[in-house]
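Here are the chains, one letter per residue:
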Amino acid sequence: MIRNGAPLPPTVYPLAKGRLWVMLAGSLLFVALGIVFLVAHSTAKMTVAGALAVPFFGFCSWIIIQRLLRDRPELVLDDAGVDHVRLGRFGWDEIAAVRIREQRVRNTSQRFIELVLHDPDAYLARAPKLVRSTASMNARLGFGPANMATNTLPVPPEAVLDAMRRYRPGLAVQH
């Protein structure tokens, strides 16, 4: 799209590194706790907890370290579409609507920007492996396959939706 004779420059949302460092510290803490459970406790329950915690939170730490080292923008919006570091690239014509979703677990909640796609199966055919592996769980929770966590964005999700509508006027926003 061209506005006043020129295309809009891309809107780039860098990775919120401070939040990612906190997530890394938390993951490493759970790895250390898992090692303590494995070494210092003799109960079967603690051994199992340690055996599960070390590889799971170790994997989470590895993913976070990779994201910090790559230093790619979290999200880029431009006239052609949306490019998300984890989900990949979407053309505006693939996106039927967007919405802010919230997943509550006990006392905490996580907000997501969900891209409602015209053809989710076509996206899943080209989606990154991690997205494909979590798609069925997301479907059971009532989410589509293209969800952007907002905890690593430097702005509130409402600001991202506003920017999306600048590039794609008339983009449907579902509530």
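Computed from a prediction, not measured in an experiment: that's the story for all the values here.

Looking now at the environment of Asp78. As for its position among the elements, Asp78 is in strand β4 (residues 75-78). Exposure remark for Asp78: the relative accessible area of 18% places this residue in the buried category. Along the primary structure Asp78 and Ala163 are separated by 85 residues, whereas in three dimensions their C-alpha atoms are 9.5 Å apart. Look past the residues within four positions of Asp78 in its chain and what remains in contact with it is Pro10, Arg89, Trp92 and Tyr167. At 2.9 Å, the side chain of Asp78 and the backbone nitrogen of Gly81 are in polar contact.

Right, let's get into the sheet that holds strand β8 (residues 108-117). Strand order across the open sheet formed by 4 strands is β9-β8-β7-β10, with mixed pairing between neighbours. Looking at the sheet topology across the chains shown, the edges are occupied by β9 (147-149) and β10 (172-174). Pairs of neighbouring strands in the sheet enclose a mean axial angle of 25 degrees, with direction left out of account. Together, β7 (95-105), β8, β9 and β10 form the strand contacts of helix α5 (residues 157-167), whose direction differs from that of β8 by roughly 15 degrees.

Bringing the pattern of salt bridges into the picture now. Pairing between side chains of opposite charge can happen when the charged atoms of each approach one another. In the structure shown here, the tally under the stated rule is 7 salt bridges. Measuring nitrogen to oxygen at the nearest pair gives 2.8 Å for the salt bridge that ties Arg89 to Asp78. Note that Arg89 is positioned in strand β6 (residues 88-91) and Asp78 in strand β4, a separation of 11 residues in sequence. By relative accessible area, which is 34% here, Arg89 ends up partly exposed. Between Arg111 and Glu158 there is a salt bridge, with the nearest N and O atoms lying 2.5 Å from each other. Of this pair, Arg111 sits in strand β8 while Glu158 sits in helix α5, and the two are 47 residues apart along the sequence. Judged by its relative accessible area of 30%, Arg111 falls in the partly exposed class. Judged by its relative accessible area of 36%, Glu158 is partly exposed. Salt bridges here are not isolated pairs; linked through shared partners, they connect Arg99, Arg101 and Glu114.

Here the focus is the nonpolar core. The biggest cluster of nonpolar side chains holds 24 residues, and the ones touching the most others in it are Val82, Phe90, Ile95, Leu115 and Met164. Taken together, the elements giving at least two residues each to this core come down to β4, β7, β8 and α5. Sorting elements by how many residues they give to this core places α5 first, with 5 residues. If we ignore the near neighbours within four places in the chain, the residues touching Met164 are Leu77, Val82, Trp92, Val98, Ile113, Leu115, Met148 and Leu171. If you look at the next biggest cluster of nonpolar residues, it comprises 5 residues, including Leu15, Leu20, Leu24 and Ile64.

This model, assessed by the stated rule, comprises 5 aromatic pairs. Seen in terms of ring centroids, Phe56 and Phe57 are 4.9 Å apart; in terms of plane orientation they differ by 85 degrees. Their pairing is edge-to-face. With a relative accessible area of 22%, Phe57 lands in the partly exposed category. Between Phe112 and Phe143, the ring centres sit 5.7 Å apart and the planes meet at 65 degrees, which makes this aromatic pair edge-to-face. Of this pair, Phe112 sits in strand β8 while Phe143 sits in the loop between α4 (129-140) and β9, and the two are 31 residues apart along the sequence. Of the two residues examined, Phe112 and Phe143, each falls in the buried class. Here the aromatic cluster, defined as three or more aromatic residues joined through ring pairs, consists of Phe30, Phe56 and Phe57. Here Arg101 stacks its cationic end above the ring of Phe143, 4.3 Å away from the centre of that ring.

Calculation notes
- Residues numbered from 1 in each chain as written.
- Predicted model: local features only at pLDDT ≥ 70, side-chain atom pairs only at ≥ 80, totals over all residues.
- Heavy atoms only, no water.
- Helix = DSSP H or I, 4+ residues; strand = E, 2+ residues; numbered from the N terminus.
- Buried < 20%, exposed > 50% of the residue type's maximum accessible area, 1.4 Å probe, protein only.
- Contact = heavy atoms within 4.5 Å.
- Polar contact = N/O pair within 3.5 Å; in protein donor to acceptor, adjacent residues only side chain to side chain.
- Pairing = 2+ DSSP bridges.
- Axes fitted to C-alpha atoms, helices over the stretch in contact; angles between N-to-C directions.
- Salt bridge = Lys/Arg side-chain N within 4 Å of Asp/Glu carboxyl O.
- Core = buried A, V, L, I, M, F, W, Y, C linked by side-chain atoms within 4.5 Å.
- Phe/Tyr/Trp six-rings, centres within 6.5 Å; stacked < 30°, edge-to-face > 60°.
- Lys NZ or Arg CZ within 6 Å of the ring centre and 35° of its normal.

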